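Residue-level listing of the chains:
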Amino acid sequence: MRVVVLSDTHAPRFWKSCPPRVADHLRGADVILHAGDVCTAGVLDELAAYAPVHAVKGNNDGPDVDAPETLELDLDGLRVAMIHDSGAAKGRWARMRRRFPSADLVVFGHSHIPLDHAEEGLRIFNPGSPTDRRRQPHGTIGVLHIEDGRLLTADIIPVT
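Residues numbered from 1 in each chain as written. Predicted model: local features only at pLDDT ≥ 70, side-chain atom pairs only at ≥ 80, totals over all residues. Heavy atoms only, no water.

Read from one edge to the other, the open sheet built from five strands follows the order 3-2-1-9-10, with strand pairing classed as mixed. The open sheet has two free edges, formed respectively by strand 3 (53–55) and strand 10 (150–158), since each of these has just one partner strand. For this sheet the average axis-to-axis angle between neighbouring strands, irrespective of direction, equals 20 degrees. In this sheet, strand 3 lies alongside strand 2 (residues 31–34) in parallel orientation, the contact comprising three bridges. By the bridge assignment for strand 3, I32 is matched with V53. Set on the sheet, helix 2 (residues 41–48) makes contact with strand 1 (2–6), strand 2 and strand 3; between it and strand 3 the angle comes to about 150 degrees. (Pairing = 2+ DSSP bridges. Helix = DSSP H or I, 4+ residues; strand = E, 2+ residues; numbered from the N terminus. Axes fitted to C-alpha atoms, helices over the stretch in contact; angles between N-to-C directions. Contact = heavy atoms within 4.5 Å.)

This brings us to the nonpolar core. Residues V22 and I141 are the most contacted members of the largest nonpolar core, which totals 22 residues. For this core, the secondary structure elements donating two or more residues are strand 1, helix 1 (20–26), helix 2 and strand 9 (140–147). Discounting residues that sit within four places of it in the chain, I141 has contacts with V4, V5, L6, V22, H25, P127, P130, D155, I156, I157 and V159. Membership of the second largest hydrophobic core comes to 18 residues, among which are A35, L105, L144 and I146. (Core = buried A, V, L, I, M, F, W, Y, C linked by side-chain atoms within 4.5 Å. Buried < 20%, exposed > 50% of the residue type's maximum accessible area, 1.4 Å probe, protein only.)

Right, let's get into the pairing of strand 10. Across eight bridges, the pairing between strand 9 and strand 10 is antiparallel. If you follow I146 over to strand 10, its bridge partner there is L151. Between the antiparallel neighbours strand 9 and strand 10 lie two residues, among them D148 with a positive phi of about 50 degrees.

Scanning the model with the defined rule gives four salt bridges in all. Of the charged contacts in the structure, one is a salt bridge between R27 and D24, with a shortest N-O distance of 2.9 Å. Accessibility expressed as a relative area gives 47% for D24, which makes it partly exposed. Of the charged contacts, one joins R134 and D132 as a salt bridge, the two residues approaching to 3.6 Å between their closest N and O atoms. (Salt bridge = Lys/Arg side-chain N within 4 Å of Asp/Glu carboxyl O.)

All quantities given are derived from atomic positions and should not be read as evidence of function.
In structure tokens, the structure reads:
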């Protein structure tokens, strides 16, 4: 299973429409995860043209964005949890372990800072933002490859 992970697209200020380099990765995705701050529901509709979308609500999402604050799902046997704001960097891994005790992977956003950290059976993953890179050198997305309940690869990919 090929999963494309996005967060913090911030439409329409930064995401006018799907950037071509992001679209290249969305083609062929089995599932798309969006970790919040789409800001307008149209982004989710646009993404759904590529693959099924699972999203959580971010702090900048408007009332038209119909998404839960947190989400837990099974992707080919891998237990995945999603949240937009995982809190301060200090203590994040332990906080996510407590919040989602059965998760193998927690996907989050909010900081716009890409992160891939694995420890003691839990991986936490922030794809960064493809459109609002802030102080990062590039806009980024994540691509996960999952098979039989195992996360085979988790890549953070520059798209700008």
